[in-house]
Amino acid sequence: MSSLGHGEDTIAAIATSAGSGGIGIVRLSGSNALAIADQMFLTKNKKKPSAFKNYTAHYGWMVKRKQKLLDLPPQLISGLYDSSERDGDEYEIIDEALLTVMRAPRSYTREDVVEMSCHGGMVSLKATLICALDLGARLAEAGEFTKRAFLNGRIDLAQAEAVLDIIQSRTEAFLKVSTHQLKGELSVELEAIREILMRAYVQIEAVINFPDDDMEDQRMEGLCEPIQSSRQRIDDLLASSEHGRILKEGIKIVICGRSNVGKSSLLNILLKIPRAIVSPVAGTTRDTIEEMAQIRGVPFQLVDTAGLLDPRDHIEEEAIRRSRMHIKGADLLLFVLDASEALTREDEGLLDDLKDQEGLIILNKCDLPMKIDEGRIISAAGRKKILKISVIQKTGIEGLETAIVEHVWHGKTVDPHGILVSNLRHIHALKDCRGVLKRAQEILADGLSLEFVSEEIKRAVNSLDSITGRHISADLLDQIFSRFCVGK
Ligand SMILES: Nc1nc2c(ncn2[C@@H]2O[C@H](COP(=O)(O)OP(=O)(O)OP(=O)(O)O)[C@@H](O)[C@H]2O)c(=O)[nH]1
Ligand SMILES: [Mg+2]
């Protein structure tokens, strides 16, 4: 891993997101972090950050030596400082700040880290950052603080990737999954599987190098068990990945049906905001409307479509084409019918068209007298569940939400507190590992040379190591961290 080392430079970046905020943080990490902070932070008692106790926060001022200020190109300085605010003659004040010191190795990166919490305006944060760069820090690359935490052995790669997932979490459930991964629960499981495989590897090498005919059967049996148990544990991890991916990315629900049945009304009630225009005029929704929503902690992409009626003009033709495209790509359809009217020819046609797709049949407007032929719907529904609701009276909506979530989890209960693999890179590596172990089992069963088995086990271990980062190329590492933001 040392070959991936990053050198000794001290890096700096604005760690909070761009734009105005109550507080903004400029972060420094590296062997010169404290020396740089000494030159840009003033306290009333003149105590320097390098003399602060670890994990203490201090009130003071971010400042810039005037001498240095004169050295900077004028276009960089213009508008950054209020020259009326001065501390004696020596410094130009940039901002009021709270500075925190976290010395190596007890810091995020395991290097000396200084965090300067300023007022969250981009001008003052930029000025503070420029000051640090002027004093010798280098602007951090995307994800470089976390990369250093990984390279310095504080976290493994799976944990580093969990940091990104936490930042990008769209739901509480996925946040839970990511925090478990950051705590190292996936890594612990992977290490446990690795240990079993390494023991098997050592055993195989012993059999190859010190053959013992009397013990052969026993020793071979001893080899099959660890390979089988690792494969089972990898299968369990992969079984969780479908749920992990759903929690991470959400699933696509498309609301469809003919005009005026209440599709947009249903979208609005599921979103809990009046997003789409609702009206008694058929053909109100002409373009598809897409919104992200959370139902019981699960993320969904909800799509409201234009009613699938015979088009009256080019715009409706295009609207229907788009509706059909979304319907084709849906993970789950909500097929809406108006229960207060008899089934129309369009309803029947749609029921038939959509019979092979995953979905729920929603009988809306159940507050009005029922005119729809329920028997006909039951026979046409196939595997689709039928639910009765009234969007106007808000009845049946909870039941619909339950049915949606149950459908997503296929009746299984998902525990976001457990290990759920959600990262595509991890899923691919686990699939590789499973494939390699399967081959190892086949070689054993066919009685081929144990050297082949030993090779496969090494490959399986490498796949696991690519997840935790024990075994990974510098290029791939750069690729992973480039997805982070600067300052993380
Ligand atoms: N009585 C009753 N009326 C409803 C209900 N849900 C929707 N409506 C009414 O039905 C009409 C059509 O509703 P929309 O939500 O615009 O229907 P839509 O399917 O999106 O229609 P298009 O966009 O034209 O395809 C509106 O007047 C709604 O107020 C319901 O549960 N009960
Ligand atoms: Mg509509």
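We now turn to the structure provided with this report.

Here is what the cut-offs are and how they apply
- Residues numbered from 1 in each chain as written.
- Chains lettered and ligands numbered in written order.
- Predicted model: local features only at pLDDT ≥ 70, side-chain atom pairs only at ≥ 80, totals over all residues.
- Heavy atoms only, no water.
- Patch = residues over 30% accessible without salt bridge, like charges linked within 9 Å, V, L, I, M, F, W, Y side chains within 5 Å.
- Areas by Shrake-Rupley, 256 points an atom, 1.4 Å probe, with all protein chains shown as cover.
- Salt bridge = Lys/Arg side-chain N within 4 Å of Asp/Glu carboxyl O.
- Helix = DSSP H or I, 4+ residues; strand = E, 2+ residues; numbered from the N terminus.
- Buried < 20%, exposed > 50% of the residue type's maximum accessible area, 1.4 Å probe, protein only.
- Phe/Tyr/Trp six-rings, centres within 6.5 Å; stacked < 30°, edge-to-face > 60°.
- Lys NZ or Arg CZ within 6 Å of the ring centre and 35° of its normal.
- Near = heavy atom within 4 Å.
- Polar contact = N/O pair within 3.5 Å; in protein donor to acceptor, adjacent residues only side chain to side chain.
- Nonpolar A, V, L, I, M, F, W, Y, C, P; charged D, E, K, R; others polar.
- Pairing = 2+ DSSP bridges.

1. What about a nonpolar patch on the surface?
1) Next: Together, Tyr-59, Trp-61 and Leu-98 give the surface a local cluster of nonpolar side chains, amounting to about 290 Å² of exposed area.
2) Next: Among the structural elements, Trp-61 can be located in strand S4 (residues 57–65).
3) Next: Judged by relative accessible area, which is 30%, Trp-61 ranks as partly exposed.

2. Structural notes on the packing of aromatic side chains
Any two aromatic rings considered together are summarised by their centre-to-centre distance and by the angle between their planes.
1) Next: One pass over the full model with this rule turns up three aromatic pairs.
2) Next: A centroid spacing of 5.3 Å and a plane angle of 35° characterise the contact between Phe-481 and Phe-484, whose relative ring orientation is tilted.
3) Next: Overall, the relative accessible area of 2% leaves Phe-481 in the buried class.
4) Next: Taken together, the ring pairs connect Phe-150, Phe-481 and Phe-484 into an aromatic cluster.
5) Next: A cation over an aromatic ring shows up here: Arg-27 above the ring of Tyr-108, its NZ or CZ 5.0 Å from the ring centre.
6) Next: Over the ring of Phe-145 we find Arg-27, and its NZ or CZ is 5.1 Å from the ring centre.

3. Quick word on the site of ligand 1
1) Next: Taken together, 23 residues are adjacent to ligand 1, and Lys-263, Ser-265, Gly-283, Thr-284 and Asp-367 come closest.
2) Next: Note that a nitrogen atom of ligand 1 is positioned 2.8 Å from one of the side-chain N or O atoms of Asp-367.
3) Next: Here an oxygen atom of ligand 1 and a side-chain polar atom of Ser-390 are 3.4 Å apart.
4) Next: Summarising the interface, the protein chains cover 90% of the accessible area of ligand 1, which totals 650 Å² for the free molecule.
5) Next: At three residues, the largest contribution of residues to the shell around ligand 1 is made by helix H10 (residues 263–271).
6) Next: Of the residues contributing to the shell around ligand 1, the split by class is eight nonpolar, twelve polar and three charged.

4. Thoughts on the pairing of strand S9 (residues 251–256)
Across a regular strand the side chains alternate sides, sitting on one face of the sheet and then on the other.
1) Next: Across the six residues of S9, six count as buried, placing the element largely inside the fold.
2) Next: Side chains Ile-251, Ile-253 and Ile-255 project from S9 onto one buried face, and the interleaved Lys-252, Val-254 and Cys-256 project onto a second face that is buried too.
3) Next: Bridge count between S9 and strand S11 (residues 298–304): five bridges; the pairing is parallel. Paired with Lys-252 across the bridge in S11 is Gln-301.
4) Next: The sheet contact formed by S9 and strand S12 (residues 332–338) spans four bridges and is parallel. When the sheet's bridge partners are listed, Val-254 is paired in S12 with Leu-333.

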